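Here is what each chain is made of, one letter per residue.
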Amino acid sequence: MKKTWWKESVVYQIYPRSFADSNGDGIGDLQGIISKLDYLKKLGIDVIWLSPVYKSPNDDNGYDISDYQDIMDEFGAMQDWEELLSEVHKRDMKLIMDLVVNHSSDEHQWFVEAKKSRDNRYRDYYIWRPGKNGGEPNNWQSAFSGSAWEYDENTDEYYLHLFSKKQPDLNWENPTLREEVYKMMNWWLDKGIDGFRMDVINFISKVDGLPDAPAEEGKKYVSGHEYFMNGPRIHEFLQEMHQKTTANYDVMTVGEMPGVNHEQAKLYTDEERKEVNMVFQFEHVDLDSGPDGKWDLRPLKLADLKENLSSWQKGLEHVGWNSLYMNNHDQPRMVSRFGNDKEYRVESAKMLATLLHMMKGTPYIYQGEEMGMTNIRFENIEQYKDIETLNMYKEKREQGVPHDKIMEAIYVKGRDNARTPVQWDDSEHAGFTTGTPWIDLNPNYKEINAKAVVEDENSIFYYYHKLIQLRKQHEIIVYGGYDLILEDNEDIFAYVRTLGNEKVVVVCNFYGNEPTFELPNDIQFSESELLISNYGDEEGTVKQFTLKPYETRAYLLK
Ligand code: TEU
Ligand code: CA
């Protein structure tokens, strides 16, 4: 397996709106990020993934772009961005940008033109269709509720939007549009960025004819995902994109791919195929969703998580590459979702971090994860800002679903869980802003904040720092093989990494019980070294020990 910098790196995701506000308008910005670069350097991360900072009306907080080559007013100006890139590089870190080209904003000049007439030269940059039987062209639903089609009276046609009606899908069947995208990508690459995270990039190839999806009882609109996820030309488009842009630079690419499985991911990330370096998969963050999607809550079974993460580790063990994440701006906070954010918040945060960072792949840390930030429970719906949440709330209330039932789903799965301002210290507004924050803070910022963790040598922050250092010190953590052990144990997630005559045994207790770990007899060794643990007063040996609640240990065996 070829050694490369992006396989050996740890990435930190910044959601700029909620990261740090430098000018008191209550909205995070680029100068705010610059002021925190030393904190990130201290954590030890290598790469920053910056969620969109381009001009946007913020219908979907920047994932609706109205100018791909200019900076959002609220975040600053292009010279602020140039300063950020230079300050990141000065600290020997790298910066990757978010590429959102499945759709643009409806306020992008291309769409403003396209709406003017059916024969406008930009018309086919988007996906327009006449209505059918007096309604939408097909029965697909938008990810943000309702139909995936919006009627345009002026030209008497509908346009497709898999997300909000202000996010019209771009028409990748149009080679002129594709060339526009590649030109824009090269413009950013020539500025010296170190790669792209590609937003729902496996949605860009749709099935010809955009057929109706099979109807579902009692539903006017249905997902239709089989007609736009991993579509017929997706590999062709990704290979063309790579060949015309990133192939010419020493950069990394990670494709966000809802609905991808590990067999498909092997094709997307096989280095011989030159498509993307790695993908963000969703299977592990869908295990606690029922058949009706994310809001249909289902308790997570550890057995499912063990099976799924292991299938990805084995699936891409020799060809392709994994991303390793449990948090981002779309997912609830991992310590609340997979751990215990009450009496074992610190222990379980460290246990989850160990589980991920000792696996094979590139780890991603989401802002605030390194201090164990938790989910939020706002009392009223007006405190929530996310379009996905607000549209769902409105739709379900119209269907007569009780307020409290909807709020329960929002508390567990809402995206605003990850979008409350980063908690820098225990001063007013947690040091995020001197003004009124665009979204309320989590009141626990008094106890959970960056100042507190930086001052506490036993904090989650320094635990992540140590995990990052271990990855640099031990090649086995990056390039070693993976094997699940104790498959049937209902409390413990344990696995072994192997490289040459070395092994790393990782043991994670997922609950508050106190199970006993026994090393399988077929794992032979002559010496063992404890690499990391979250309690610090280890009893027993790697061959057998009893785990405390949410205890984790990693041993190096030779
Ligand atoms: O997310 C794609 C996506 O599928 C998410 O909408 C996810 O499925 C959902 O949010 C789960 O709650 C990307 C961006 O990460 C997201 O922030 C954008 O809203 C979306 O694309 C549209 O650009
Ligand atoms: Ca600001």
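Small disclaimer: the values here were computed from a predicted structure and weren't measured.

Caption draft 1: Region of interest: the overall build of the protein. Per the secondary structure count, the protein includes 15 helices and 22 strands. Projecting the C-alpha coordinates of the protein onto the three principal axes gives extents of approximately 75 × 50 × 50 Å. Out of the 558 residues in the protein, the part that is buried amounts to 62%. The long-range fraction of contacts in the protein, counting pairs at least 24 apart against all pairs at least 6 apart in sequence, stands at 70%.

Caption draft 2: Seen up close, the coordination of the calcium ion (ligand 2). Within the protein, the atoms that donate to the calcium ion (ligand 2) are D21 (OD), N23 (OD1), D25 (OD), I27 (O) and D29 (OD), at distances of 2.2 to 2.4 Å. When the donor residues of the calcium ion (ligand 2) are listed from N- to C-terminus, their spacing reads D-x1-N-x1-D-x1-I-x1-D.

Caption draft 3: Fine view of helix α11 (residues 387-398). Between the first and last C-alpha of α11 there are 16 Å, a value that for twelve residues agrees with the 16 Å anticipated at 1.5 Å per step. Buried within α11 are the following residues: I387, E388, T389, M392 and Y393. On its buried face, α11 is in contact with β13 (293-297) and α12 (403-413). Capping of α11 at its N-terminal end is provided by D386; its side-chain oxygen lies 3.1 Å from the backbone amide nitrogen of E388.

Caption draft 4: Inspection of the sheet that holds strand β10 (residues 252-256) at higher detail. Pairing is parallel across the open sheet formed by eight strands, whose spatial order is β11-β10-β9-β5-β2-β1-β15-β14. The sheet terminates laterally at β11 (278-280) and β14 (323-324), the two strands that pair on one side only. Two elements, strand β2 (residues 47-50) and strand β5 (residues 94-99), share four bridges in a ladder whose sense is parallel. Counted as the bridge partner of I48 is L95 from β5. Seen against the sheet, helix α5 (residues 175-189) touches β5 and β9 (195-198) and runs at an angle of roughly 135 degrees to β9.

Caption draft 5: Broad picture of the nonpolar core. Core analysis: the largest hydrophobic core is formed by 153 residues, its most contacted members being W81 and F493. Ignoring sequence-local partners within four residues, the contact set of W81 consists of L30, L50, V53, I71, L95, M97, W188, K191 and I193. Among the nonpolar cores identified, the runner-up in size contains 18 residues, and L162, A213, V222 and I387 belong to it.

Caption draft 6: Examining unusual backbone geometry more closely. A positive phi angle is found at S145, which is not glycine, with a value near 80 degrees. Position of S145 relative to the elements: it lies in the loop between β6 (128-129) and β7 (149-152). We classify S145 as partly exposed; its relative accessible area is 22%. Residues other than glycine seldom take positive phi values, yet N230 does so here, at roughly 55 degrees. With respect to the helices and strands, the residue N230 is situated in the loop between β9 and α6 (234-244).

Caption draft 7: View of the domain arrangement of the protein. The domains assigned to the protein are domain 1 (7-99 + 322-473), domain 2 (109-160) and domain 3 (479-557). In this structure, domain 1 and domain 2 have C-alpha centres spaced 34 Å apart. Counting residues at the interface gives nine residues for domain 1 and six residues for domain 2. Carbon and sulfur atoms make up 55% of the area that domain 1 and domain 2 hide from each other, which totals about 480 Å². The largest share of the area that domain 1 buries against domain 2 comes from E388, N391 and E395, three residues that together contribute 56% of it. On inspection of domain 1 and its partner domain 2, the count reaches zero salt bridges.

Cut-offs and rules
Residues numbered from 1 in each chain as written. Chains lettered and ligands numbered in written order. Predicted model: local features only at pLDDT ≥ 70, side-chain atom pairs only at ≥ 80, totals over all residues. Heavy atoms only, no water. Helix = DSSP H or I, 4+ residues; strand = E, 2+ residues; numbered from the N terminus. Buried < 20%, exposed > 50% of the residue type's maximum accessible area, 1.4 Å probe, protein only. Contact = heavy atoms within 4.5 Å. Donors = N, O, S within 2.8 Å, 3.2 Å for Na, K, Ca; no water. Expected span 1.5 Å × (residues − 1). Polar contact = N/O pair within 3.5 Å; in protein donor to acceptor, adjacent residues only side chain to side chain. Pairing = 2+ DSSP bridges. Axes fitted to C-alpha atoms, helices over the stretch in contact; angles between N-to-C directions. Core = buried A, V, L, I, M, F, W, Y, C linked by side-chain atoms within 4.5 Å. Domains from an automatic or database assignment. Buried area = accessible area lost by both parts, 1.4 Å probe. Salt bridge = Lys/Arg side-chain N within 4 Å of Asp/Glu carboxyl O.

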